[in-house]
Structures are given as structure tokens and as C-alpha cells.
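What the coordinates show
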Amino acid sequence: DSYLTARLGGAWHARKDLALRAGAGRFIRQPSFLEIFGDQGAVKGGGTQLQPEEGLNYDIGVTWDPASKGVLDKLHLETTFFSRQAADLIQFILTSQSQVKAENTGRARVTGAELATSISLFKWFDGGFDYTWQVAEDRSDTFSRGNDLPGRPRHEVSARAGARTPWGRPFYTFDYVGPNYF
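These lines cover the structure that appears in this document, whether it is placed above or below. This is a predicted model, so every value here is computed, not measured.

Regarding the environment of Glu-137
Inspection of the secondary structure puts Glu-137 in strand E7 (residues 125–138). Judged by its relative accessible area of 16%, Glu-137 is buried. Spatially, the C-alpha atom of Glu-137 lies 23 Å from that of Val-43, the residues being 94 residues apart in sequence. Here Arg-139 takes part through its side chain, which lies 3.3 Å from a polar atom of the side chain of Glu-137.

Looking at the side chain of Gln-91
Within the secondary structure layout, Gln-91 lies in strand E5 (residues 72–96). Owing to a relative accessible area of 8%, Gln-91 belongs among the buried residues under this scheme. Contacts of Gln-91, omitting those with residues within four sequence positions, involve Lys-101, Ala-102, Glu-103, Thr-105, Leu-149, Pro-150 and Arg-152.

Observations concerning the environment of Phe-174
Along the chain, Phe-174 falls in strand E9 (residues 171–177). A residue is classified by how much of its surface remains accessible, and Phe-174, at 39% relative accessible area, is partly exposed. Expressed as a C-alpha distance, the spacing of Phe-174 and Val-100, which sit 74 residues apart in the sequence, is 29 Å. With near-sequence residues (within four places) excluded, Phe-174 lies in contact with Val-157, Ser-158 and Ala-159.

A closer look at the nonpolar core
Soluble globular proteins: nonpolar side chains tend toward being buried together. One finds Phe-27, Phe-82, Ala-86, Leu-89, Ala-108, Val-110, Ala-136 and Leu-149 forming the largest nonpolar core, which totals 8 residues. At the level of elements, E5 and strand E6 (99–121) are the ones that each hand at least two residues to this core. Ranked by residues supplied to this core, first place goes to E5 with 3 residues. Non-local contacts of Ala-136, meaning those with residues more than four positions away in its chain, are made with Arg-109, Val-110, Asn-147, Asp-148, Leu-149 and Arg-152.

Definitions and cut-offs
Residues numbered from 1 in each chain as written. Predicted model: local features only at pLDDT ≥ 70, side-chain atom pairs only at ≥ 80, totals over all residues. Heavy atoms only, no water. Helix = DSSP H or I, 4+ residues; strand = E, 2+ residues; numbered from the N terminus. Buried < 20%, exposed > 50% of the residue type's maximum accessible area, 1.4 Å probe, protein only. Polar contact = N/O pair within 3.5 Å; in protein donor to acceptor, adjacent residues only side chain to side chain. Contact = heavy atoms within 4.5 Å. Core = buried A, V, L, I, M, F, W, Y, C linked by side-chain atoms within 4.5 Å.

Put into C-alpha cells, the structure is as follows:
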């Protein structure tokens, strides 16, 4: 198989520290090895009849990188709004109490926003925080139309802090994945 995909993006630097960017593109995602063949246990493969996912991605965002000043070595703030529309979506469908099967389920739309921050202070401290909010909706023409997609939480948070020392880089990370439909 061969597929043609394209992505077009651009950025405008309104000021030295402020940039606006946008992008749009077509994507193809081939089924993974696990989705095709399964794992001889809880995951049953969908076989060679699985079609690749196809769709369109759109995003628009803003980044701000102010100049360092005093104890502030670096600050980065970024926010992005996104939308993804897919056809022939590949999902794991529960077929029994202990087994799932990969199937093309139809159309889907995922829209949301991301916020990312990172900071560096005192020449030794690094930290950051990322938050993603998304609504992943089944848009297929079946009884599940309008439902949330399985395995796609509405909220995800990641935070990290670390120190640069002569003997190493101790760090701490925290990840939260909100409740999601299985």
C-alpha cells in the first residue's frame, strides 16, 4: 500500500518573545502489530481486514518565551487548540469479560487544548507542567454515536521538577490520567 499525506504549517513571530502558529494536515495510521495479530491472550487481533485510520489534523497555538531576568534563567509558555477527525478509527472492542479485539469502528472527532510550561531558575532548578483537555467523540453511524471514545481521558496532567548538581540530576515527576471509558 502507498498513501499520500501532507501537512502545512506556519508561524508568525509577532515579537521576539511571542509566536503564533497554525497547522493542518492529512494523516494515515497503519494498524500496529498488536492490533493485527493480538497477543495470544487478552488481545485478539483484527487480522488483515483492518484498514488504516485516515483523517485530518488542525491546530493553532501561541508560544511565549520572555527574556531571562534575575533568578529566571528560562520561561516557556505554550497553548495549543487542536482538532482531529478520523475515519476507519481502530479501537479495541470488549468481546468478552477478558478479551478485546481490534476493529475499525468508524468515524471520530477529538478536539481539545493543551497548556505546556517550563521554567529554569537559579542555574540549578528545572520544572514544568503540562495539561491536556480533550473531548474524544465517536461520530460513527451506530448506537455509540456521541459517546466518548474508549481509552481517551478528558484530562491529563504531567508535572516535573529537578535539580542540576555536580553529582547528578535528581528529579520528580507526577502524571495524572483522568477517568475514561473502557
